[in-house]
Amino acid sequence: MTAVLVASAGKHGGTRGIAEVIAEELRACGLTVDVRDAAEVDDVREYAAVVVGSALYYWRWRPEAVRLLERHTEALRSRPVWLFHSGPCGPDVLPPRVSLPARVALLAAAIDAERTATFGGRLDPATARGFAARILAGGRRAGDFRDWHRIRAWARDIGRRVRAPAQT
Ligand SMILES: Cc1cc2nc3c(=O)[nH]c(=O)nc-3n(C[C@H](O)[C@H](O)[C@H](O)COP(=O)(O)O)c2cc1C
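Residues numbered from 1 in each chain as written. Predicted model: local features only at pLDDT ≥ 70, side-chain atom pairs only at ≥ 80, totals over all residues. Heavy atoms only, no water.

- The name given to the protein in an unreviewed UniProt entry is Flavodoxin domain-containing protein, and the organism recorded there is Amycolatopsis ultiminotia.

What follows is the structure, encoded as structure tokens:
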């Protein structure tokens, strides 16, 4: 059975939740899926395809996700890789689209990654720390803006492509 890795990095579980839903859809497509924190990934060579996602913090990816791309650039280059990031919150940012941070864009080019998806994020005022976090979480930006319908549709498309690579 074809194995897919879904690796993610975040701070408060919102991105991990997206990774788990992506995995659910891939499994429904008949694929074997491992969901891992990006920091825990030692090797990607056993996987036929890889999905890497990160939360956005101050316009950057989490270092664990960047390191995964850096450490495994060669292996990732020889298998299909999909990237996503999650962050934008608030009713005015949907559907969100955020460019990859510069360093990640370079790595994505080196890996020849597929198109990147931006998903809305989740901001819980209870977990927000510091001045910026309080501003972000204080008003209309607080809440869960993860669009499960879009996330599932994106994952199903990946599932179809992994199962039928000749037709892509
Ligand atoms: C301090 C702070 C900085 C953030 N910076 C950004 C940002 O630059 N761009 C963005 O789209 N979202 C930003 N966000 C929103 C987070 O990316 C969003 O809450 C995300 O869902 C968090 O994922 P996690 O629960 O996996 O950590 C920020 C949130 C906080 C608390």
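Now, onward.
## Let's talk about the site of the ligand
Then comes step 1: Around the ligand there are 19 residues in total, and Lys 11, Thr 15, Leu 56, Tyr 57 and Trp 59 lie nearest to it.
Then comes step 2: One of the backbone nitrogen or oxygen atoms of Leu 56 is found 2.5 Å away from an oxygen atom of the ligand.
Then comes step 3: Take Tyr 57: an N or O atom from its side chain is 2.6 Å from an oxygen atom of the ligand.
Then comes step 4: When the ligand is considered free in solution it has 650 Å² of accessible area, and contact with the protein chains removes 91% of it.
Then comes step 5: No other element matches the 3 residues that strand 3 (residues 49-57) contributes to the shell around the ligand.
Then comes step 6: Residue composition of the shell around the ligand, by class: 9 nonpolar, 8 polar and 2 charged. (Near = heavy atom within 4 Å. Polar contact = N/O pair within 3.5 Å; in protein donor to acceptor, adjacent residues only side chain to side chain. Areas by Shrake-Rupley, 256 points an atom, 1.4 Å probe, with all protein chains shown as cover. Helix = DSSP H or I, 4+ residues; strand = E, 2+ residues; numbered from the N terminus. Nonpolar A, V, L, I, M, F, W, Y, C, P; charged D, E, K, R; others polar.)

## Brief notes about the pairing of strand 5 (residues 81-86)
Then comes step 1: The element strand 5 is largely enclosed, with a buried count of 6 among its 6 residues.
Then comes step 2: Judged by which residues are buried, strand 5 turns out to be covered on both faces: Val 81, Leu 83 and His 85 on one side and Trp 82, Phe 84 and Ser 86 on the other are all buried.
Then comes step 3: Across 6 bridges, the pairing between strand 3 and strand 5 is parallel. Counterpart to Val 52 in the pairing with strand 5 is Leu 83.
Then comes step 4: Pairing geometry for strand 5 and strand 6 (residues 117-119), over 3 bridges, is parallel. Bridging from a neighbouring strand, His 85 pairs with Thr 118 of strand 6. (Buried < 20%, exposed > 50% of the residue type's maximum accessible area, 1.4 Å probe, protein only. Pairing = 2+ DSSP bridges.)

## With respect to the layout of surface pockets
Where empty space is left can be seen by rolling a probe of water-molecule size over the atoms.
Then comes step 1: The calculated volume of the second largest pocket comes to roughly 270 Å³.
Then comes step 2: Along the walls of the second largest pocket sit Pro 95, Pro 96, Arg 97, Val 98, Ser 99, Leu 100, Arg 115, Thr 116, Ala 117, Thr 118, Arg 150 and Trp 154, which together make up its complete lining.
Then comes step 3: Counting residues per element, the ones that place at least two in the lining of the second largest pocket are strand 6 and helix 6 (148-163).
Then comes step 4: When the residues that make up the lining of the second largest pocket are grouped by side-chain class, the tally is 6 nonpolar, 3 polar and 3 charged. (1 Å grid on protein atoms, 1.4 Å probe; cavity = no way out; pocket = protein on both sides within 12 Å on 5 of 7 lines; lining within 4 Å. Points joined across faces, edges and corners; volume = space filled by probe spheres on them.)

## Concerning the environment of Arg 67
Then comes step 1: Here Arg 67 is to be found in helix 2 (residues 63-71).
Then comes step 2: Arg 67 sits 26 residues away from Val 41 along the chain, and the two C-alpha atoms are 10.0 Å apart.

## So, the packing of aromatic side chains
Then comes step 1: The final tally for this structure, using the stated rule, is 3 aromatic pairs.
Then comes step 2: Between Phe 84 and Phe 119, the ring centres sit 5.8 Å apart and the planes meet at 50°, which makes this aromatic pair tilted. You can see Phe 84 sitting in strand 5 and its partner Phe 119 sitting in strand 6, a full 35 residues away along the chain.
Then comes step 3: Residue Phe 84 is classed as buried on the basis of its relative accessible area, which comes to 0%.
Then comes step 4: With centroids separated by 5.5 Å and ring planes inclined at 80°, the aromatic side chains of Phe 119 and Trp 154 adopt a geometry described as edge-to-face. Note that Phe 119 is positioned in strand 6 and Trp 154 in helix 6, a separation of 35 residues in sequence.
Then comes step 5: Taken together through their ring pairs, the aromatic side chains of Phe 84, Phe 119 and Trp 154 make up a single cluster.
Then comes step 6: A cation over a ring is seen here: Lys 11 above Tyr 57, with NZ or CZ 4.7 Å from the ring centre.
Then comes step 7: Between Arg 62 and the ring centre of Tyr 57, over which it is positioned, the NZ or CZ distance is 5.6 Å. (Phe/Tyr/Trp six-rings, centres within 6.5 Å; stacked < 30°, edge-to-face > 60°. Lys NZ or Arg CZ within 6 Å of the ring centre and 35° of its normal.)

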